[in-house]
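# Geometric and topological summary
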Amino acid sequence: RLEESRREIENQIWSDQYLGVSSTAASTAPRPPSRPRTPQTWHTYMTMEKGPSKLKLKKKLKIVFSKVIRKVGKCQRCGSTKMLECSHIRSKKVHPYLEFVTDNALCLCHRCHIYWYHKEPLEAADWVRQTFPNQMIELERLMMQEGRGELPKGSIYRYQELLGKYEEMLIE
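Keep in mind the model is a prediction, meaning the values are calculated, not measured.

One side chain can pair with another of opposite charge once the charged atoms of both are near each other. Scanning the model with the defined rule gives six salt bridges in all. With a shortest N-O distance of 3.3 Å, arginine 129 and aspartate 126 are connected by a salt bridge. Remark: aspartate 126 and arginine 129 occur in helix 6 (residues 121-131); sequence separation between them is three residues, near one turn of the helix. You can call aspartate 126 partly exposed: its relative accessible area is 41%. Of the charged contacts in the structure, one is a salt bridge between arginine 141 and glutamate 138, with a shortest N-O distance of 2.5 Å. Pair noted here: arginine 141 and glutamate 138 are both in helix 7 (residues 133-147), with a separation of three residues, about one helical turn. Glutamate 138 sits in the partly exposed class, given a relative accessible area of 25%. The network of salt bridges with shared partners includes Lys58, Lys62 and Glu99.

The rules behind the values
Residues numbered from 1 in each chain as written. Predicted model: local features only at pLDDT ≥ 70, side-chain atom pairs only at ≥ 80, totals over all residues. Heavy atoms only, no water. Salt bridge = Lys/Arg side-chain N within 4 Å of Asp/Glu carboxyl O. Helix = DSSP H or I, 4+ residues; strand = E, 2+ residues; numbered from the N terminus. Buried < 20%, exposed > 50% of the residue type's maximum accessible area, 1.4 Å probe, protein only.

Dropping the structure here:
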């Protein structure tokens, strides 16, 4: 009797939330897939091979993207070849769609990146506009697309696509 009551309540909740039908129709409605209840099937369910998570893909993409940008081989401001870093022209936080766009990145040494680019942002912005005018035009175009919602969101498929593209660039 208790099992029947529980099943009726589950059917009612399932039908109201997902199907929008009454509880009488819900008894014939398909049930949502549930996790296996026996230990053998539970172990199989939990140890199934899954693809990389979105966070792991993004982390790997950040590393590969940074390597691609640093492949320039020298600081684009002072010419130093030591402690090179990937610096974003437009903030990753403010413009997340532009995080993995090569036009939004510069190869700077640690000193230029931290002690000049971040400490003197107005001077740095003027320098970027003068030194890389075509890159800035492309970046402005992308920012307009971002504002209109035309750029693809950061999905796991987009990350996989970009990762493949940038890994190929590293091999070349």
